Amino acid sequence: MQNITIRQANREDCPRILELIKELALYEKAPEKVIVTLAEMVECGFGNKPVWGALVAEVNGIIVGIALHYDRYSTWSGRRLYLEDLIVTEGMRGMGIGKMLLDALIAYGKAEGYNGMIWQVLDWNKPAIEFYKKYNADFDAEWINVSVEF
């Protein structure tokens with residue numbers, strides 16, 4: 001096993017984080033959907049009003065995975081983490097890095113006083129679904145995703 005480190009992301013990580021996001025979009029057959037710029041990503045993560053945070057996984061000093069998250073508030077459940085993306089670069093999958101990232105994010109959430117975490121997974125992404133089942137995750141087929149573009 002290689003030397004894997006999990007740590008909080010910093011401003012200098014944003015170019016590599018954006019590369020991983022684009023790799024995920026390609027995997028999800030939607031590369032044209034990535035419209036965020038590097039400048040926006042840096043500002044929104046490390047500017048005056050940060051709206052996202054991330055843990056990164058490094059192997060020998062190279063970022064190979066991320067768990068990008070932000071705060072969510074549920075009127076029923078209170079303060080929750082929202083896992084926007086859990087990404088491990090294709091060549092490093094199957095080495096336990098995703099588990100390390102998710103475990104670290106769960107530990108972070110508990111330490112910071114969140115009462116749970118939610119996320120989405122595509123219905124065709126069987127490897128991810130099987131991975132999340134190991135966490136006894138609740139798969140809710142009742143709700144429909146809704147969004148509006150501005």
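Residues numbered from 1 in each chain as written. Predicted model: local features only at pLDDT ≥ 70, side-chain atom pairs only at ≥ 80, totals over all residues. Heavy atoms only, no water.

## Concerning the packing of aromatic side chains
What describes a pair of aromatic rings is the distance from one ring centre to the other and the angle between the planes of the rings.
Reasoning step 1: Applying the stated criterion across every chain yields a total of seven aromatic pairs.
Reasoning step 2: Between tyrosine 70 and tyrosine 82 the ring centres are 5.1 Å apart and the planes differ by 25°, which places this aromatic pair in the stacked class. Of this pair, tyrosine 70 sits in strand β3 (residues 62-74) while tyrosine 82 sits in strand β4 (residues 78-88); the two residues are twelve residues apart in sequence, bridging distant segments of the chain.
Reasoning step 3: We classify tyrosine 82 as buried; its relative accessible area is 10%. (Phe/Tyr/Trp six-rings, centres within 6.5 Å; stacked < 30°, edge-to-face > 60°. Helix = DSSP H or I, 4+ residues; strand = E, 2+ residues; numbered from the N terminus. Buried < 20%, exposed > 50% of the residue type's maximum accessible area, 1.4 Å probe, protein only.)

## Some details on the sheet that holds β4
Reasoning step 1: As summarised here, the arrangement of the five strands in space is β1-β2-β3-β4-β5, forming an open sheet in which the pairing is mixed. Every other strand in the sheet has two partners, leaving β1 (4-8) and β5 (117-119) as the edge strands with one partner each. Each adjacent strand pair in this sheet contributes to an overall mean axis angle of 25°, direction not counted.
Reasoning step 2: Taken strand by strand, helix α3 (residues 97-111) contacts β1, β2 (53-59), β3, β4 and β5, and its axis lies near 165° from that of β4. (Pairing = 2+ DSSP bridges. Axes fitted to C-alpha atoms, helices over the stretch in contact; angles between N-to-C directions. Contact = heavy atoms within 4.5 Å.)

## Concerning the packing of helix α1 (residues 14-27) against helix α2 (residues 38-46)
Reasoning step 1: Contact pair α1 / α2: the axes reach a minimum separation of 10 Å and the direction vectors enclose 115°. Considering their axes alone, α1 and α2 lie roughly perpendicular with respect to each other. As α1 runs across α2, the sense of the crossing is right-handed. On α2, the residues that touch Cys14, Pro15, Ile17, Leu18 and Ile21 of α1 are Leu38, Met41, Val42 and Phe46. (Parallel < 35°, antiparallel > 145°, perpendicular 65-115°, else oblique. Left-handed = near helix turned anticlockwise from the far one by under 90°.)

## Structural notes on the UniProt feature "domain: N-acetyltransferase" (unreviewed entry) in the protein
Reasoning step 1: In this structure's numbering, the residues bearing the UniProt feature "domain: N-acetyltransferase" (unreviewed entry) are residues 4-150.
Reasoning step 2: Secondary structure within residues 4-150 divides into 31% helix and 27% strand; the distance between the first and last C-alpha atoms comes to 39 Å. (UniProt positions renumbered as here; feature names shortened; annotations may be inferred.)

## Examining helix α4 (residues 126-133)
Reasoning step 1: Those residues of α4 lying buried are Ala128, Ile129, Phe131 and Tyr132. Here the buried residues of α4 occupy an arc of 160° about the axis, which is enough to place them on one side. Turned more than 90 degrees away from the buried face of α4, the exposed residues are Lys126 and Pro127.
Reasoning step 2: Buried-residue contacts for α4 involve β4, α3 and β5. (Arc of directions from axis to C-beta.)

## Structural notes on the nonpolar core
Nonpolar side chains in soluble globular proteins generally cluster together in the buried interior.
Reasoning step 1: Core analysis: the largest hydrophobic core is formed by 20 residues, its most contacted members being Ala67, Leu83, Leu86, Ile97, Leu101, Leu102 and Leu105.
Reasoning step 2: Of all elements in the fold, only β2, β3, β4, α3 and α4 reach the threshold of two or more residues within this core.
Reasoning step 3: Residues contacting alanine 67, with those up to four places away along its chain left out, are Gly53, Ala54, Leu55, Leu83, Asp85, Leu86, Leu101 and Leu105.
Reasoning step 4: Formed by 16 residues, the second largest nonpolar core is a distinct cluster that contains Leu18, Leu24, Met41 and Ile87. (Core = buried A, V, L, I, M, F, W, Y, C linked by side-chain atoms within 4.5 Å.)

## A look at the side chain of arginine 80
Reasoning step 1: As for its position among the elements, arginine 80 is in strand β4.
Reasoning step 2: Among all residues touching arginine 80, those that are not within four sequence positions of it are Tyr70, Asp71, Arg72, Ser74, Tyr114, Asn115, Gly116, Met117 and Ile118.

## Details of α1
Reasoning step 1: Look at α1: 20 Å from first C-alpha to last across 14 residues, which is about the 20 Å you get at 1.5 Å a residue.
Reasoning step 2: Listed in full, the buried residues belonging to α1 are Cys14, Ile17, Leu18, Leu20, Ile21, Leu24 and Ala25. All buried residues of α1 lie within an arc of 160° about the axis, which places them on one face of the element.
Reasoning step 3: The inward-facing, buried residues of α1 abut α2, β2, β3 and β4.
Reasoning step 4: Just beyond α1, the residue with positive phi is lysine 29, at close to 65°. (Expected span 1.5 Å × (residues − 1).)

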